[in-house]
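# Residue-level structure breakdown
Residue-level listing of the chains:
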Amino acid sequence: MIQAILVFNNHGKPRLVRFYQRFPEEIQQQIVRETFHLVLKRDDNICNFLEGGSLIGGSDYKLIYRHYATLYFVFCVDSSESELGILDLIQVFVETLDKCFENVCELDLIFHMDKVHYILQEVVMGGMVLETNMNEIVAQIEAQNKLEKSEPFICLKIIIMCPWSVLFFTLGGYGVESFLPPGDVQVFQLPS
């Protein structure tokens, strides 16, 4: 079973953290730091499997990782998982991200966190692998994108009030209501 999925950059900043076992927040942060230090000190030509750190279960767990450009993708798994199967799963996850974001980079993980989590949930849920067929995953993502675009305009109003306008956020972006003479309201949809 997959215990955790961690993605961090070359400097140790976490870009995606998903635990499938309950840990307090302080322990999660320590696990990310320890995992980063374990993975960083390894040479690039050494195998991509190592024993889990002391915080995540020691020798009962394995860290399986891949390094792509500026990002490390690390899966912490128990001893029942196949190392080569998890390496293949990491490859499928990264290629799916690449297809969905057209040449994925670290900024895509930062600014599109909701979409990244949705892609991850199509691949792994509750620590169990759901889907490894990249075409099926991409089809589900495209269906979700169509559904989001077909929903009516929904807004969560009144974030900041100025004398002449109100700034509000929507699920697809944000807009401004500009108050003209009393009673007249003009709504502008800004591109997301």
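Residues numbered from 1 in each chain as written. Predicted model: local features only at pLDDT ≥ 70, side-chain atom pairs only at ≥ 80, totals over all residues. Heavy atoms only, no water.

### Observations regarding the nonpolar core
Inside soluble globular proteins, nonpolar side chains tend to come together where they are buried. Within the largest apolar cluster, 28 residues are counted, with the highest numbers of intra-cluster contacts made by I2, F73, F75, I86, F93 and L97. Of all the elements in the fold, those that place two or more residues in this core are β1 (2-9), β5 (71-78), α2 (83-101), α4 (113-123) and α5 (134-150). It is α2 that contributes the most residues to this core, 10 residues altogether. Sequence-distant contacts of F93, that is, excluding residues within four places in its chain, are made with L16, F73, V116, I119, L120 and V123. A4, L6, F23 and V74 belong to the second largest nonpolar core, which has 17 residues in total. (Core = buried A, V, L, I, M, F, W, Y, C linked by side-chain atoms within 4.5 Å. Buried < 20%, exposed > 50% of the residue type's maximum accessible area, 1.4 Å probe, protein only. Helix = DSSP H or I, 4+ residues; strand = E, 2+ residues; numbered from the N terminus. Contact = heavy atoms within 4.5 Å.)

### Remarks on the packing of aromatic side chains
Enumeration over the complete set of coordinates arrives at five aromatic pairs. Consider the rings of F8 and F36, whose centres lie 5.4 Å apart with planes at 85°: the pair is edge-to-face. On the criterion of sequence distance, the pair formed by F8 in strand β1 and F36 in helix α1 (residues 25-40) is long-range, its members being 28 residues apart. Judged by its relative accessible area of 0%, F8 falls in the buried class. Measuring from ring centre to ring centre gives 6.1 Å for F73 and F93, while their planes differ by 80°; the resulting arrangement is edge-to-face. With F73 in strand β5 and F93 in helix α2, this pair connects stretches of sequence that are 20 residues apart. Each member of the pair, F73 as well as F93, is classed as buried. Chaining the aromatic ring pairs together yields one cluster made of F8, F36 and Y72. Across from the ring centre of F101, 5.3 Å away, lies the NZ or CZ of K115, which sits over that ring. (Phe/Tyr/Trp six-rings, centres within 6.5 Å; stacked < 30°, edge-to-face > 60°. Lys NZ or Arg CZ within 6 Å of the ring centre and 35° of its normal.)

### So, the sheet that holds β1
Whether parallel or antiparallel, the strands of a sheet pair through hydrogen bonds between backbone atoms. An order of β2-β1-β5-β4-β3 is seen for the five strands of this open sheet, with the pairing classed as antiparallel. With one partner strand each, in any of the chains shown, β2 (14-19) and β3 (49-51) form the two edges of the open sheet. Mean inter-strand twist for the sheet, computed between neighbouring axes without regard to direction, equals 20°. In terms of strand pairing, β3 meets strand β4 (residues 61-68) through three bridges, oriented antiparallel. Looking at the pairing, E51 lines up with K62 of β4. Packed on one face of the sheet, α1 meets β1, β2, β3, β4 and β5 and runs near 65° to β1. Strands in contact with α4 are β1 and β2; relative to β2, the strand with the most contacts, it is inclined by about 40°. (Pairing = 2+ DSSP bridges. Axes fitted to C-alpha atoms, helices over the stretch in contact; angles between N-to-C directions.)

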